[in-house]
Amino acid sequence: MDSPTTATAHAPASIGNVAVGFDVLGAAVPGLVDRVTVRSIDAPSVRVEQITGRQAEALPTDPSKNTAGAALQSLRDERSVEHGFAVSIEKGIPLTAGLGGSAASAVGAVVAAEALLPTSLGPDALLTHALDGEAVASGDRHPDNVVPCLYGGLALTQSVEPPDVVPVPVPAGLQVVLVRPNCSVATRDARDCLPDSVPMGDATAQMAHLGAFVAGCFRDDVALVGRALRDRIAEPHRAALVPGFADVQAAAREAGALGCSLSGAGPTVFAWCKGEATTHAVHEAMTAAFASHDQKTESWVTTISAQGARVVETE
């Protein structure tokens, strides 16, 4: 049978940081995906053929400035791939929303490209190339969105060189509320507002939060998870970038959320919930709080996806 020359991958949205794990913890969420199609070409180069979908006109077609293009170029260069790649992207994940859209395009591209190679590379090998793509958008090789998008689930990145990804179990019956206000926050801008150093007390508290959070997930102890789902590192500095954030967070907690914080750099806000009635109440409370600050919203009630990016079609 002839090897495929075209492959299409679906790459899911993700929640970066998950409040307690700045730059090292992330969770994949189903429902929102980028659809990335990669085609083998004879020319030894990478080109971006087409970008459609959400805010497509805002994305660069120069492969060196596009996360999918840069990821494919990294793959070609480091794996000595003789042929080239042409990539087309259908954006289903909104841009500058804190939902890992730039990471999804990069991950989708390398997962699709792997299907066109004579041997499988596996996620650990693909990770480095996807991170090279992510760096084009965010300025550095941050794994908190790339890793869950590639591996799926809730994942802690112990190291990227070499790859050391630790899957973290998700508490049974957990639901996730995502509410995106009608504003945008660029990842680079969100990083620029962070201080160069963190006070010892905040660093110590955050280490305790992360340790307790992971322990709570492994023990399926949602009460412990709820006590630990706090951010002392990024949220205090980024909250001002999202209109009404403090009121939205307070409303979510009052409605019964285990925790509520920024999804990645924001402006999307996520809440972890247990139980249908509580989830519904949290969703209503968050959207109402944003509305009180004159923010129209887009929202989703979802879960954490055990599955990361995958090939859905080959030709």
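Everything here concerns the structure above.
For clarity, every value in this text was computed on a predicted model and none was experimentally measured.

*Asks:* With reference to specific residues and values, describe the overall build of the protein chain.
*Replies:* Across its full length, the protein chain carries 10 helices and 11 strands. The buried share of the protein chain, taken over its 315 residues, is 53%. When contacts within the protein chain are restricted to residue pairs at least 6 apart in sequence, long-range pairs at least 24 apart make up 75% of them. The average position of the 21 basic charges and that of the 35 acidic charges among the side chains of the protein chain differ by 3 Å.

*Asks:* Mind laying out the nonpolar core, listing which residues take part and the relevant values?
*Replies:* Counting residues in hydrophobic clusters, the biggest one holds 69 residues, and the most contacted among them are Val18, Val38, Phe85, Leu154, Phe213 and Trp272. Residue contributions to this core peak at nine residues, all from helix α2 (residues 101-114). Counting residues in each nonpolar core, the second largest holds 17 residues, with Val177, Val179, Val269 and Cys273 among its members.

*Asks:* How would you explain the pairing of strand β9 (residues 269-274) if you had to name every residue and give the values?
*Replies:* By the criterion of burial, β9 is predominantly enclosed, with five of the six residues buried. Bridge count for strand β7 (residues 174-181) against β9 is six bridges, and the pairing is antiparallel. Counted as the bridge partner of Val176 is Trp272 from β9. Summarising the sheet, strand β8 (residues 259-262) and β9 pair through four bridges and their orientation is antiparallel. What sits directly across from Ser261, in β9, is Phe270. Counting the residues in the hairpin turn of β8 and β9 gives six residues, including Gly264, whose phi is positive at 60°.

*Asks:* If you had to explain the pairing of strand β6 (residues 163-168) to someone new, which residues and values would you point to?
*Replies:* Two strands pair when backbone bridges link them, and strand β5 (residues 154-160) and β6 are joined in this way by six bridges, in the antiparallel orientation. Note that in β6 the partner of Leu154 across the bridge is Val168. The hairpin formed by β5 and β6 contains two residues between the paired strands.

*Asks:* Give a description of the packing of α2 against helix α4 (residues 143-151) that names residues and reports values.
*Replies:* Following both chains from N to C, one finds α2 and α4 inclined at 40°, their axes separated by 9 Å at the closest point. Looking at the two axes, α2 sits oblique to α4. By crossing handedness, the relation of α2 to α4 is classed as right-handed. Between α2, through Ala103, Ala104, Val107 and Val111, and α4, the contact on the second element is made entirely by Asn145, Val146, Cys149 and Leu150. Considering only residue class, the contact of α2 with α4 consists of seven nonpolar, one polar and no charged.

*Asks:* Would you mind going over empty space enclosed by the protein in detail, with residue names and values included?
*Replies:* In the structure shown here, the tally under the stated rule is one cavity of 30 Å³ or more. As a volume, the largest cavity reaches approximately 40 Å³. Together, Asn17, Ala19, Asp231, Ala234, Glu235, Arg238, Ser261, Leu262 and Gly264 line the largest cavity. Residues that form the lining of the largest cavity fall into these classes: three nonpolar, three polar and three charged.

*Asks:* Break down the sheet that holds β8 for me, with residues and values.
*Replies:* Judged by pairing direction, the sheet is antiparallel, and its four strands sit side by side in the order β8-β9-β7-β10 without closing on themselves. Edge positions in the sheet fall to β8 and β10 (297-302), since each has one partner strand and no second. Taken pair by pair, the neighbouring strands of this sheet meet at an average axis angle of 15°, ignoring direction. This element, helix α9 (residues 245-254), spans β8 and β9 of the sheet and lies at about 160° to β8.

Conventions we followed
- Residues numbered from 1 in each chain as written.
- Predicted model: local features only at pLDDT ≥ 70, side-chain atom pairs only at ≥ 80, totals over all residues.
- Heavy atoms only, no water.
- Helix = DSSP H or I, 4+ residues; strand = E, 2+ residues; numbered from the N terminus.
- Buried < 20%, exposed > 50% of the residue type's maximum accessible area, 1.4 Å probe, protein only.
- Contact = heavy atoms within 4.5 Å.
- Lys, Arg positive; Asp, Glu negative; His and termini not counted.
- Charge placed at Lys NZ, Arg CZ, Asp CG, Glu CD.
- Core = buried A, V, L, I, M, F, W, Y, C linked by side-chain atoms within 4.5 Å.
- Pairing = 2+ DSSP bridges.
- Axes fitted to C-alpha atoms, helices over the stretch in contact; angles between N-to-C directions.
- Parallel < 35°, antiparallel > 145°, perpendicular 65-115°, else oblique.
- Left-handed = near helix turned anticlockwise from the far one by under 90°.
- Nonpolar A, V, L, I, M, F, W, Y, C, P; charged D, E, K, R; others polar.
- 1 Å grid on protein atoms, 1.4 Å probe; cavity = no way out; pocket = protein on both sides within 12 Å on 5 of 7 lines; lining within 4 Å.
- Points joined across faces, edges and corners; volume = space filled by probe spheres on them.

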